[in-house]
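# Topology and contacts: notes
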Amino acid sequence: MSAQQNQLRDVSNHEFHNTFMRSYLSDPEAMQWLESYMPEDLTIAELEGSSNSLWTISPPSRTNIMKMLSSKEQFPITVAWSIQRNPTLGAKAEFSTGKKVMFLDDKTKLELFLLLNGTRKDGVVIKHGFQRYLRAPTDSEAKPIEQLSTEEVSITLALERLHNDSEGVQEWWIVNQTSPGKINVRSPKNLYNAGLELYVFSDQVSPPSLGFLAGYGIMGLYASVVLVIGKFVREFFSGISHTIMFEELPNVDRILKLCTDIFLVRETGELDLEEDMYAKLIFLYRSPETMIKWTREKTQ
């Protein structure tokens, strides 16, 4: 069984809040889980009831299955599912899969035995055989949602036969749900058609451009932000010890007056006096102790 793109249905805001969530008002655990999802996170897949291929089994294998059904041994049934996503949207894996293994009771085994030998025409009910609500995270494992699976859905398993003169008897399985989903997605003409309604909740992922950060989780994101901020802070204060004594002077009035005097004597042509005053300015910048005395506040 499979569902193509045209069989995937989005959920409106009214259907999600007023129909789906309202049905869980009496279940606080389910309501708390649903609070973290939005309508666009839910997709309903309408699976066709008929199998995609014919059931081709050899007579010895068929006889062996019937012997197992008629014996007292446990008969396991495995229900597997696979969800395919667009890998370019940020998911870690393209396929998300999962499975459930269950064992049939004696009554179901007998009914399935009669269905295989052709004496039973009606379908066989497999109790709790369908996981309607699945969560598809970014990784490759899709798990049933325990908070919403309080009422596991049973399925009806039927074996259709077609007698063909040229190819003999052709058989295929038909699977149908015993109860519809909480949101009505079927059109009136397909209301009673066989099939399953699968509710898939997809986790939101970060954009592909930030995938290298999201891949390391919240700790990786935190470390990246701290490193980036630390780099900018370090570059801002780098080399400040070499310039702080020249850029953070308390009072520069005396030094400014000395520079003004150098300019005036240069204009008047007193070059010898300019040389002495300029040497004094160089000495100030080469002697931190003298610079501290010259640039003290006037009150000091």
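See the structure shown above.
First things first, this report covers the structure right here in the doc. As the structure is a computational prediction, the values presented were derived from the model and not from experiment.

## So, the overall build of the protein
Summing up its helical and strand segments, the protein has ten helices and ten strands in all. Here the C-alpha radius of gyration of the protein, 39 Å, is well above what a compact globule of 300 residues would show, namely 19 Å. Dimensions of the protein, computed from C-alpha atoms along their principal axes, come out at roughly 125 × 45 × 35 Å. Out of the 300 residues belonging to the protein, those deemed buried represent 31%. Taking contacts inside the protein between residues at least 6 apart in sequence as the whole, the part at least 24 apart equals 64%.

## A short note on the sheet that holds strand E10 (residues 195–202)
Spatial strand order, E1-E2-E10-E6-E7: five strands in an open sheet with mixed pairing. Each having just a single partner strand, strand E1 (8–10) and strand E7 (143–144) make up the two edges of the open sheet. Sheet analysis places E1 next to strand E2 (residues 42–48), joined by three bridges and oriented antiparallel. From the neighbouring strand, Arg9 faces E2, where its bridge partner is Ile44. Against the sheet, helix H1 (residues 13–20) contacts E1, E2, strand E6 (133–136) and E10, and its axis sits at roughly 100 degrees relative to E10.

## Structural notes on the pattern of salt bridges
For the coordinates displayed, the defined rule picks out eight salt bridges. Between Arg135 and Asp203 there is a salt bridge; the shortest N-O distance is 2.6 Å. With Arg135 in strand E6 and Asp203 in the loop between E10 and helix H5 (211–214), this residue pair connects regions lying 68 residues apart in the sequence. With relative accessibility at 33%, the residue Arg135 sits in the partly exposed group. Salt bridges linked by common partners bring Arg62, Arg161 and Glu171 together as one network.

## Structural notes on the packing of aromatic side chains
Taken as a whole, this structure holds ten aromatic pairs when the rule is applied. The interplanar angle of 65 degrees and the centroid separation of 5.2 Å between the aromatic rings of Trp55 and Trp173 together place this pair among those described as edge-to-face. Taken together, the positions of Trp55 in the loop between E2 and helix H3 (59–70) and Trp173 in strand E9 (residues 168–177) put the pair 118 residues apart, joining distant regions of the chain. Classification of Trp55 as partly exposed rests on a relative accessible area of 22%. Following the ring pairs from residue to residue traces out a cluster consisting of Phe16, Phe20, Tyr24, Trp33, Tyr37, Tyr133, Tyr199 and Phe201.

## Notes on the environment of Ala45
Tracing the chain through its elements places Ala45 in strand E2. With relative accessibility at 7%, the residue Ala45 sits in the buried group. A C-alpha to C-alpha distance of 7.6 Å links Ala45 and Val200, two positions 155 residues apart in sequence. With sequence-adjacent residues up to four places away left out, Ala45 is seen in contact with Ala3, Gln7, Leu8, Leu196, Glu197 and Leu198.

## Looking at a nonpolar patch on the surface
There is a patch of nonpolar side chains on the surface, built from Leu221, Val225, Ile229, Val233, Phe236, Phe237, Ile240, Ile244, Met245, Phe246 and Tyr285 and spanning about 990 Å² of accessible area. Every element with two or more residues in the nonpolar patch is listed here: helix H6 (217–237) and helix H7 (240–247). Summarising the element assignment, Ile244 is placed in helix H7.

## Considering helix H4 (residues 106–116)
Buried within H4 are the following residues: Thr108, Lys109, Glu111, Leu112, Leu115 and Leu116. The arc that holds every buried residue of H4, seen down its axis, measures 165 degrees, which confines them to one face. The exposed set on the far side of H4, more than 90 degrees from its buried face, consists of Asp106 and Lys107. Count one or two residues on from H4 and you reach Gly118, which has phi positive near 90 degrees.

## Things to note about the side chain of Asn251
The residue Asn251 is located in the loop between H7 and helix H8 (253–268) in this model. Under the relative-accessibility criterion, Asn251 is labelled buried at 10%. Of note is the side chain of Asn251, whose polar atom sits 3.5 Å from the backbone oxygen of Arg296. Not counting residues within four places of it along the chain, the set of residues in contact with Asn251 comprises Trp294, Thr295, Arg296, Glu297 and Lys298.

## Examining the nonpolar core
Of all hydrophobic cores here, the largest spans 28 residues; its most connected members are Leu112, Ile126, Trp173 and Leu198. Counting residues per element, this core draws most heavily on strand E8 (residues 153–164), which supplies four residues. Setting aside anything within four residues of it in sequence, one finds Leu198 in contact with Thr43, Ile44, Ala45, Leu47, Phe130, Gln131, Arg132 and Leu134. Ranked by size, the runner-up nonpolar core spans 19 residues in total, among them Tyr24, Leu42, Ile44 and Phe201.

## Here's the deal with the pairing of E6
Here E6 runs beside E10; their pairing, made up of four bridges, is parallel. Across the sheet, the residue bridging to Tyr133 is Tyr199, located in E10. One ladder, built from two bridges, connects E6 with E7; its direction is antiparallel. Considered in E7, the bridge of Arg135 is made with Lys143.

Cut-offs used in this document
- Residues numbered from 1 in each chain as written.
- Predicted model: local features only at pLDDT ≥ 70, side-chain atom pairs only at ≥ 80, totals over all residues.
- Heavy atoms only, no water.
- Helix = DSSP H or I, 4+ residues; strand = E, 2+ residues; numbered from the N terminus.
- Rg over C-alpha atoms; globule rule 2.2 N^0.38 Å.
- Buried < 20%, exposed > 50% of the residue type's maximum accessible area, 1.4 Å probe, protein only.
- Contact = heavy atoms within 4.5 Å.
- Pairing = 2+ DSSP bridges.
- Axes fitted to C-alpha atoms, helices over the stretch in contact; angles between N-to-C directions.
- Salt bridge = Lys/Arg side-chain N within 4 Å of Asp/Glu carboxyl O.
- Phe/Tyr/Trp six-rings, centres within 6.5 Å; stacked < 30°, edge-to-face > 60°.
- Patch = residues over 30% accessible without salt bridge, like charges linked within 9 Å, V, L, I, M, F, W, Y side chains within 5 Å.
- Areas by Shrake-Rupley, 256 points an atom, 1.4 Å probe, with all protein chains shown as cover.
- Arc of directions from axis to C-beta.
- Polar contact = N/O pair within 3.5 Å; in protein donor to acceptor, adjacent residues only side chain to side chain.
- Core = buried A, V, L, I, M, F, W, Y, C linked by side-chain atoms within 4.5 Å.

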